[in-house]
Amino acid sequence: MIKAIPAFPLLAFAAIGRLVVGLLAMVGRVTKFALTTIVRAVTPPYYPARLFAQIMEIGWFSLPVVGLTAIFTGSALAQQIYTGGSRFNASSTVPAIVVFGMVRELGPVLVGLMVAGRVASAMAAELGTMRVTEQLDALATLRTDSYRYLIAPRLVAAVLALPVMVLIANSIGIMGGYLLSIYKLGFNPASYLATTRQFLEWDDIRMAVVKAAVFGFIIALMGCYNGLHTRGGAAGVGKATTDAVVSSFVLILFSDLVITIVAFG
Amino acid sequence: MATGMTPKIKLTDVVKRFGEKCVLDGVNLSVEPGESVAIIGGSGTGKSVTLKCILALLIPDSGSIEIDGQEIVGARSSEIARIRAKFGMLFQGGALFDSMPVWRNVTFGLTQGRMREPARMRHIAEENLERVGLGRDILNLRPNELSGGMQKRVALARAIAPRPEIIFFDEPTTGLDPIRADMINDLITSLVKDLGVTALTITHDMSSARKIADRVAMLYNGRIIWHGPRDRLYDSGNPYVDQFVQGRADGPIR
């Protein structure tokens, strides 16, 4: 005689199963969305004017917030390293660690997170509103492919703009550390700059650029995917916006870890 | 209607489900060239879904939809794009692109969103706006600077600008006061007549259906349960149609 399996473990397994299947289905849908966008982005018709507009929107208009974040972070980093390093006579490592910290980690991640907060949410809100007001259906009836017209320019613009922004943020962050170290902590400007140059390596800059391009891809992908798949009215747009930002944040931090382990592990 | 001509639009046993819910349960409808047909029915009866299936925005689970004898269910996307060139569509809320001015909205079907020949496009926009009773003074305005009635007219100008063979009207008078609604009805009637297009309207506004359409079909429970000339609408002999057109709460429709 078969012994009856208790209901609770079965229900728990069923719940875990549903979660896993749901997650895999979501990964599949996002992957298909990304591949479709990439294929449409490299085949005509192209929309160069929209690409330029998106580069301005994602890159140029994000510069103030990115610049402020970078200068504050670079300065705070210098202060922290100085305070911590003083305990074991290592306060002279400030320029080296500011360079490492900004270029390898803080520059790309902070730019990614700031731009995700500003841009992924805007993309999801704009596309979500277009979805619920039937503007996306209108595009289709006017024989315009929404992937080519709306998604591809955003994706390409984000992949191109983020690396430039990270390079700018790194420069501003290092300058923030320099200014604080010179004017508050009393470092010698010439030796600070010499140490900075000594520890600034091309490999680190290359990795920052790669990270930035990946983060740009993630931001545009999550913003557009969630926006395009908005359901319902205003509440649906709000949910899409939140999902876009949260998923961008999680994926940026996860991919940062993966890239860092692959590069240095 | 058996005229011997290939119908402009022909739906045969179209079924569309959303999960467990069967919205279209075998819709059959034929629209002849140059004819204006209105589909009436209550909210949630599948009128918009029918329209979206014809526009290939939704894919039916089964059945056939032909445009000029050409099957669109299962057609390649390039083929669908070619067929869509025959369509113009007036959306319920207008669905104007709020990121661009009126003249670019009106000519979007000709430019596919590109900034080409702006002077000629502005001229075309002006001509089409004039057809719907609007002046050149709104060319540079954004849709959110227009009233609801004006937005509907601009959307109508956008629908007719590429000179489509078939125009779909999704609840053209919803959200308008009775006078504005009647003006839109007159406008649609004259445009359909002047341009010689085939028109398919979905509405639950009886005065609109009677004014716009040559023939009316009623959708209920996912099926066309009655169709006939507009003059028979109030004399259909069908208890469902009678209840609907008279707007009675008591009757077979619950």
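Heads up: these notes are all about the structure in this document. Not measured: the values here are computed from a predicted model.

1. Examining the packing of aromatic side chains
When we look at a pair of aromatic rings, we describe it by the centre distance and by the angle of the planes.
And then number 1: Counted according to the given criterion, the structure contains eleven aromatic pairs over all chains.
And then number 2: A centroid spacing of 5.5 Å and a plane angle of 50° characterise the contact between Phe33(A) and Tyr147(A), whose relative ring orientation is tilted. Of this pair, Phe33(A) sits in helix H1 (residues 7-41) while Tyr147(A) sits in helix H6 (residues 146-183), and the two are 114 residues apart along the sequence. We note that Phe33(A), like Tyr147(A), is buried.
And then number 3: Plain terms: the ring middles of Phe187(A) and Tyr192(A) are 5.8 Å apart, the flat faces sit at 90° to each other, and that makes the pair edge-to-face.
And then number 4: Judged by relative accessible area, which is 16%, Phe187(A) ranks as buried.
And then number 5: Through successive ring pairs, a cluster of aromatic residues spans Tyr47(A), Tyr149(A), Phe97(B) and Phe108(B).
And then number 6: Across the ring face of Tyr149(A), the terminal group of Arg50(A) is positioned such that the distance to the ring centre comes to 4.0 Å.
And then number 7: Sitting above the plane of the Phe97(B) ring, Arg158(B) keeps its charged end 4.9 Å from the centroid.

2. Things to note about the interface of chain B and chain A
And then number 1: On the chain A side, the residues contacting the 23 residues of chain B number 16 residues.
And then number 2: Between chain B and chain A the total buried area reaches about 1,700 Å² when both faces are included, carbon and sulfur atoms providing 58% of it.
And then number 3: The interface formed by chain B and chain A holds two salt bridges in total.
And then number 4: Between Glu134(A) and Lys52(B) there is a salt bridge whose closest N-O contact spans 3.6 Å.

3. Quick word on the pairing of strand S1 (residues 9-18) of chain B
Residue and element names in this part refer to chain B.
And then number 1: Here S1 runs beside strand S2 (residues 21-31); their pairing, made up of eight bridges, is antiparallel. Across the sheet, isoleucine 9 pairs through a bridge with valine 31, a residue of S2.
And then number 2: A loop of two residues connects S1 with S2, the two strands running antiparallel in sequence, and glycine 19 in this loop sits at a positive phi of about 65°.
And then number 3: Where S1 and strand S4 (residues 62-67) come together, five bridges link them in antiparallel fashion. Looking at S4, one finds that leucine 11 is bridged to isoleucine 65.

About the cut-offs
- Residues numbered from 1 in each chain as written.
- Chains lettered and ligands numbered in written order.
- Predicted model: local features only at pLDDT ≥ 70, side-chain atom pairs only at ≥ 80, totals over all residues.
- Heavy atoms only, no water.
- Phe/Tyr/Trp six-rings, centres within 6.5 Å; stacked < 30°, edge-to-face > 60°.
- Helix = DSSP H or I, 4+ residues; strand = E, 2+ residues; numbered from the N terminus.
- Buried < 20%, exposed > 50% of the residue type's maximum accessible area, 1.4 Å probe, protein only.
- Lys NZ or Arg CZ within 6 Å of the ring centre and 35° of its normal.
- Contact = heavy atoms within 4.5 Å.
- Buried area = accessible area lost by both parts, 1.4 Å probe.
- Salt bridge = Lys/Arg side-chain N within 4 Å of Asp/Glu carboxyl O.
- Pairing = 2+ DSSP bridges.

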